Amino acid sequence: MHARPTSADFPHHHRVTTRWTDNDCYGHVNNAIYYQYFDSVINAYLIAEGQLDIHRGDVVGFIVRSECDFFAPVAYPGEVDIGVAVVKLGNSSVTYETGLFKPGAPDVCAVGRMVHVFVDTATQRPVAIPASIRAALAQLVRPG
């Protein structure tokens with residue numbers, strides 16, 4: 001694990017409201033829910049900025065790898081700020097780093113890493129990332 005990222009390390013941020021069903025019996029958001037937040041924010045960005053059509057498009061992204069390091073809990077009711085950066089942009093795949101922050105708090109609560117492979121919806125085989133999606137992803141590439 002590298003040094004923990006800060007909010008400034010993420011070019012894109014999206015606020016998510018926690019839900020009643022997100023909490024587990026310990027009174028905080030269950031760790032599996034963090035992946036839902038990350039996946040939802042990434043896909044919302046690709047839909048809005050990259051013209052990804054998840055229902056009728058020729059290409060979709062499949063998450064083929066994911067992991068998360070947890071540092072501090074969050075809970076319902078509340079909001080979380082999800083940061084997204086691209087750390088590797090390949091021909092058919094992209095590796096993201098995501099950060100989960102309490103709004104206004106400097107310390108990251110969780111750091112996720114996810115890999116999307118873009119596939120043809122008919123064949124389910126990897127394809128080159130379409131130009132509109134690639135352009136949107138390029139805006140999230142973290143320098144260095």
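The residue numbers shown here count from 1 along each chain, following its written sequence. Only residues with pLDDT of 70 or above have their local features reported here, since the model is predicted, and side-chain atom pairs are shown and tallied only from 80 upward, although totals for entire chains, interfaces and linings are computed over all residues. As a convention, hydrogens and water are excluded, and side-chain values are obtained from all of the structure's heavy atoms.

Caption draft 1: Spotlight on the side chain of Asn43. Among the structural elements, Asn43 can be located in helix α1 (residues 31-50). For Asn43, the residues in contact, after removing those within four places along its chain, are Leu52 and His116. A helix here means a DSSP run of H or I that spans at least four residues, while a strand means a run of E at least two residues long, and both kinds are numbered starting from the N terminus. Throughout, a contact is declared for two residues whenever any of their heavy atoms are within 4.5 Å.

Caption draft 2: Geometry of the nonpolar core. Throughout, nonpolar core names a set of buried Ala, Val, Leu, Ile, Met, Phe, Trp, Tyr and Cys residues whose side chains join them through atoms within 4.5 Å. A 1.4 Å probe rolled over the protein chains alone gives each residue an accessible area, and that area as a share of the maximum for its type sets the label: buried under 20%, exposed over 50%, partly exposed in between. Judged by nonpolar contacts, the single largest core of 30 residues is most densely connected at Tyr37, Leu46, Ile82, Tyr96, Leu100, Phe118 and Leu137. Every element with two or more residues in this core is listed here: α1, β2 (59-70), β3 (79-89), β4 (93-101), β5 (108-120) and α2 (131-138). When sequence neighbours within four positions are dropped, the list of residues in contact with Ile82 reads His12, His13, His14, Val16, Tyr37, Phe38, Val41, Gly99 and Leu100. With five residues, the next largest nonpolar core counts Ala85, Phe101, Val108 and Val111 among its residues.

Caption draft 3: Structural detail: the pairing of β5. The buried count for β5 comes to 12 of 13 residues, which makes it a mostly enclosed element. For two strands to be treated as a pair, DSSP must find at least two bridges joining them. Pairing analysis gives 11 bridges linking β2 to β5, with the strands arranged antiparallel. Directly across from Ile63, in β5, lies its bridge partner His116. Alignment of β4 against β5, held across nine bridges, turns out to be antiparallel. Paired with Glu97 across the bridge in β5 is Arg113.

Caption draft 4: Region of the structure containing the packing of aromatic side chains. Pairing of aromatic side chains requires ring centres within 6.5 Å, counting the rings of Phe and Tyr and the six-membered ring of Trp. Pairs whose planes differ by under 30 degrees are stacked, by over 60 edge-to-face, and all others tilted. Under the criterion given, the structure shown has four aromatic pairs. Ring centres of Trp20 and Tyr76 lie 5.7 Å apart, and the angle between their planes is 85°; this geometry places the pair in the edge-to-face category. Separated by 56 residues along the polypeptide, Trp20 in the loop between β1 (12-17) and α1 and Tyr76 in the loop between β2 and β3 bring together distant segments of the chain. Of the residues examined, Tyr76 reaches a relative accessible area of 31% and is grouped as partly exposed. Members of the aromatic cluster, connected to one another through ring pairs, are Tyr34, Tyr37 and Phe70. The ring of Phe10 carries the charged tip of Arg142 above its face, separated from the ring centre by 5.1 Å. A positively charged side chain is recorded as over a ring if its NZ (Lys) or CZ (Arg) lies within 6 Å of the ring centre. The angle to the ring normal must also be within 35 degrees.

Nothing here speaks to function; it is all geometry.
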